[in-house]
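Residue strings, one per chain:
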Amino acid sequence: PMIIMTLSILMLAACSSSPYQYWHKEGVSTKKMQDTLGHCRYDVGANDLSKEKANKLVAYCMQSKGFTLKTGYR
């Protein structure tokens, strides 16, 4: 019974995990990353562009500042 319950909990946890993407740079805090992301969005004029074009230009900006886009799970 205990094994079945443990397996059930693990399966539920696996099903509820969803992937998400985030910017990462070694030694940089989340706050600094968010600030840099905001600056990149402003610099490329993201609010005036299509979502696809804005994402592409913001990605180029973030990469030029040494960040990489990673995938995590919740």
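Notes on the structure follow. Residue numbers here run from 1 along each chain, matching the order of that chain's written sequence. With pLDDT at 70 or above as the cut-off, local features in this predicted model cover only qualifying residues; side-chain atom pairs require 80 or more to be listed or tallied, and sums for whole chains, interfaces and linings still use all residues. The side-chain quantities take in all heavy atoms of the structure and omit both hydrogens and water.

1. Observations concerning the environment of K65
Within the secondary structure, K65 sits in the loop between helix 3 (51-64) and strand 2 (68-73). Relative accessibility decides the category of a residue: with a 1.4 Å probe and only protein chains considered, values under 20% of the type maximum give buried, values over 50% give exposed, and everything between is partly exposed. Given a relative accessible area of 36%, K65 falls into the partly exposed group. With 29 residues separating them along the chain, K65 and T36 place their C-alpha atoms 8.5 Å apart. Note on contacts: a residue pair is in contact if any heavy atoms of the two residues lie within 4.5 Å. Ignoring any residue separated from it by four or fewer positions in sequence, one finds K65 in contact with K25, T36 and C40. What counts as a helix is a DSSP run of H or I of at least four residues, what counts as a strand is a run of E of at least two, and both are numbered from the N terminus.

2. Concerning the pattern of salt bridges
Basic side-chain nitrogens of Lys or Arg form a salt bridge, by our definition, when they fall within 4 Å of a carboxyl oxygen of Asp or Glu. Throughout the structure, instances matching the rule amount to one salt bridge. Among the salt bridges present, the one from K31 reaches D35, with a minimum N-O distance of 2.9 Å. With K31 and D35 both in helix 2 (residues 30-44), this residue pair falls four residues apart, about one helical turn. Judged by relative accessible area, which is 54%, K31 ranks as exposed. Its relative accessible area of 31% is what places D35 among the partly exposed residues.

3. Remarks on helix 3
In a regular helix each residue adds 1.5 Å, so 14 residues correspond to 20 Å; helix 3 covers 20 Å between its end C-alpha atoms and thus fits that length. Where helix 3 is concerned, the buried positions are A54, V58, A59, C61 and M62. Around the axis of helix 3, the buried residues are gathered within 165° of arc, so they sit on the same side. Along helix 3, exposed side chains directed more than 90 degrees from the buried face belong to E52 and S64. Residues of helix 3 that are buried sit in contact with strand 1 (19-24) and helix 2. Every helix has an expected span of 1.5 Å times one less than the residues it contains. Arc definition: directions from the helix axis to the C-beta atoms.

By themselves, these figures tell us nothing about what the structure is for.
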